[in-house]
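The chain contents come next:
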There are 2 protein chains.
Amino acid sequence: MPESVRVPTEDELQRILRRGVSEIVPEEEFVSALRSGKHLRLKQGFDPTRPVITLGWTVGLRKLRLLQDLGHTVVVIIGDWTARIGDPSGKSETRPMLTEEEVMENSEAILQQFFKILDPERTEIRRQTEWFDSFALTDVVRLAARFTVAQILERDDFAQRFSEHTPIGIHELLYPLLQAYDSVAIESDVEFGGTDQKFNNLVGRELQRMMGQKSGPAGLGQAVYLVPLLVGLDGKKKMSQSLDNYIAIDHEPNDMYGKVMNIPDEVVADYFELLTDTPDEDVAAARETAASGGAAARDLKMRLGREIVAQFHGEKMAEAAEVEFSRVFSAGEQPRDVPQHPLSFNGGPKEVDIVELLHLTGLAPSKGEARRLVQQGAVESDGVRITEVRPTLRPGTILRIGKHKFLQMVDTESTRKGDE
Amino acid sequence: MPESVRVPTEDELQRILRRGVSEIVPEEEFVSALRSGKHLRLKQGFDPTRPVITLGWTVGLRKLRLLQDLGHTVVVIIGDWTARIGDPSGKSETRPMLTEEEVMENSEAILQQFFKILDPERTEIRRQTEWFDSFALTDVVRLAARFTVAQILERDDFAQRFSEHTPIGIHELLYPLLQAYDSVAIESDVEFGGTDQKFNNLVGRELQRMMGQKSGPAGLGQAVYLVPLLVGLDGKKKMSQSLDNYIAIDHEPNDMYGKVMNIPDEVVADYFELLTDTPDEDVAAARETAASGGAAARDLKMRLGREIVAQFHGEKMAEAAEVEFSRVFSAGEQPRDVPQHPLSFNGGPKEVDIVELLHLTGLAPSKGEARRLVQQGAVESDGVRITEVRPTLRPGTILRIGKHKFLQMVDTESTRKGDE
């Protein structure tokens, strides 16, 4: 289908090239193509191993949407071949082998989340298995022969592992080549990804050229568009599901809002820049306000929470989340629905290992973290700071962990009676 | 088919274990199996890229025949998949891509030569494409995941190239794994090869075990039987077609005999040991005789020539070759059939670039070698040593290069007239 493409205004172009972008290689090819109104195929792959899409993903998806609005096509690649093979070395628990049904279910869920940002009308959906199911041994060997061991080991993480003598499976050298072949298969013009994908995506450019493909903004292979990695709720590491420092697109409004309120002040302006349409000058102002701390910083974070929730759940839900949060936060009240934790009290008070409890209930990701929370005075029992690791709790006691997490103790006996 | 296997006598066992063997890993497993009369599947692969089988091959083939005579089965693997892909990097001229017809033609020729030593009744012929034509990308990745980059780079030649920064194609890391998979496919118990194959063949043992295969003399994966690399006619390097220092099984009797007469004295005893059934004590004696040089050494070499020619062409042809050689050598006569080289003389003498000529006619493998031959006085023109690189030759001049190579100059005009 021929696409009618609009040339961006200078303002739009600046937004595409400057905001929330780490690097575009080669930028001049990409800019020329946009200025000349050439239709571009924009590649965005995903791994359907888990149906979770974090806010980190939306940094790139938002740029893709801008380009779709100009008439360009996004080609989403479902990494179904990769997910179905899992981690063939069996070493990685985070990469299990999925059945075709699981892959399709997860992919459906992910695409639904993508389409909260992307325009389905200008999105083409492709599956890796379309080309890899019929990939023969000869194809693999011919593909592998195009690159040397040294070239692939140049990739930062490989170089480090190799020098540290951490085992690298031979199949791991093949993965960048397979990802590059995806670009050949769909004839992509620009591949989108986080800065950590620069090496892999440039291999795609090289392979397209080696195979004589005239794709790319200048016919010289795909360009690569690299977006910054969004920092997670811990304010330090890349937002990711495995680090449990994430907000997912499909998190409930109150949960999402509360999580935004929990991010460190230092990253608030970055969130505005990468996740919202807040004008650049407001982002700059936000950077100063956040740094000054206090009530202004809190209000700023509330604005961020509202904007983010609104994107995925609408304005109304965003307002409701804010109201609920304000009620709890300002009044020191407990939220309406405090989760309950059954414990065998036999009707009376009981000494409880708080570290064990926080870890068991998932309120702290590890015992070390639980211990740290108690030491920092972040845990209250009915409004009183807990100072020892084995405090005495009563049925009905409400624990408060940090600002926004609550847990009410319930006597197992009363629970059982209620069941009868 | 159930095989009836005979347990070797101690003498036979010593011949299998000690003569013409570099290493058997693990030897105790192999010996126990032979002593217990367990039937073994003995793997011997070959590359059908060229239809040439040198005497170097026969070192291992002769051991295989000994084992066949005890009732064991040789499984010959035609490397047809490897030959059909050639060198996928396109860098190696010695590994062109073959058509299926070429592969089959060469394989036929090679098998015919194998069967001058092997017993066809106890030989199973398999083709790599039987298992690799249906090998999918998932199979490759799962196979590759079983080994690490460091493990494969341990192989001597890879280690050296890697440290010297000589490019190693990623596909090259896959080849040892594919060769190992051959062992899985045919469930081999012992793999035969030259000492340079130790690493590759042990990968086969490991892969069989990883894949839970109970093959091998002790059910722990294949053993590897390594034979010494036969030194070529230069007395220095491994005998190989690409170095042009070889005798092929299908060389004509006179040619084969003459080539044996050209090997350096130092390797004569090794040839007796590895290529003939000459008793061990005679081999030991030969080592001394060869070292002493002179007529005894020449006679020894003639015995070697006769024995080798007899193996492939029969006793009668061997005798004839010896007679012809003696005639030429002792009498200084020219052989009966001197190859003729047409040159445009216009009836008179002509200055000829002898280096160019020797290279062009293949009498010297390179121009450097041709120059060396002239400098060493190894080239005669009608019985007179040539000392300059542009001697004057006449129609009918006979060049003698070394002891046994001849070339007669013929005037192109007279050739043409003959054609008319």
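Residues numbered from 1 in each chain as written. Chains lettered and ligands numbered in written order. Predicted model: local features only at pLDDT ≥ 70, side-chain atom pairs only at ≥ 80, totals over all residues. Heavy atoms only, no water.

Trainee: Give a detailed account of the overall build of chain A, specifying residues and quantitative values.
Mentor: Broken down by element type, chain A carries 19 helices and 13 strands. Referenced to the eigenvectors of the C-alpha coordinate spread, the extents of chain A come out at roughly 80 × 50 × 45 Å. Looking at chain A as a whole, 50% of its 420 residues are labelled buried. If you take every contact in chain A between residues at least 6 apart in sequence, the share linking residues at least 24 apart comes to 70%. Here chain A has roughly 19600 Å² of accessible surface; of this, 48% comes from carbon and sulfur atoms. (Helix = DSSP H or I, 4+ residues; strand = E, 2+ residues; numbered from the N terminus. Buried < 20%, exposed > 50% of the residue type's maximum accessible area, 1.4 Å probe, protein only. Contact = heavy atoms within 4.5 Å. Areas by Shrake-Rupley, 256 points an atom, 1.4 Å probe, with all protein chains shown as cover.)

Trainee: Kindly report on the relation of the copies chain B and chain A, identifying the contributing residues and their values.
Mentor: For these two chains of identical sequence, chain B goes onto chain A by a turn of 179° and a shift of 0.2 Å along the axis, with RMSD 0.6 Å. Viewed as a symmetry operation, the transformation between the two copies matches a two-fold axis. Residue Ala-136 of chain B, judged by its C-alpha, is the member of chain B lying nearest the rotation axis, at 2.3 Å. The overlap is high: 100% of the interface residues of chain B also sit at the interface in chain A, so the same surface is used on both sides. (Least-squares fit on C-alpha atoms with pLDDT ≥ 70 in both.)

Trainee: Would you mind going over the pattern of salt bridges in detail, with residue names and values included?
Mentor: Counted according to the given criterion, the structure contains 66 salt bridges over all chains. One salt bridge in this structure joins Glu-322 of chain A and Arg-306 of chain A, with 2.6 Å as the shortest N-O distance. With Glu-322 of chain A in helix 16 (residues 315-331) and Arg-306 of chain A in helix 15 (residues 294-313), the pair connects residues that are 16 residues apart, well separated along the chain. Its relative accessible area of 27% is what places Arg-306 of chain A among the partly exposed residues. Put simply, Glu-172 of chain B and Arg-161 of chain B hold a salt bridge, and the shortest N to O gap is 2.9 Å. On the criterion of sequence distance, the pair formed by Glu-172 of chain B in helix 10 (residues 170-186) and Arg-161 of chain B in helix 9 (residues 156-163) is long-range, its members being 11 residues apart. By relative accessible area, Arg-161 of chain B is classed as partly exposed at 22%. One connected set of salt bridges, linked through shared partners, spans Arg-41, Glu-124, Arg-126 and Glu-130 of chain A. (Salt bridge = Lys/Arg side-chain N within 4 Å of Asp/Glu carboxyl O.)

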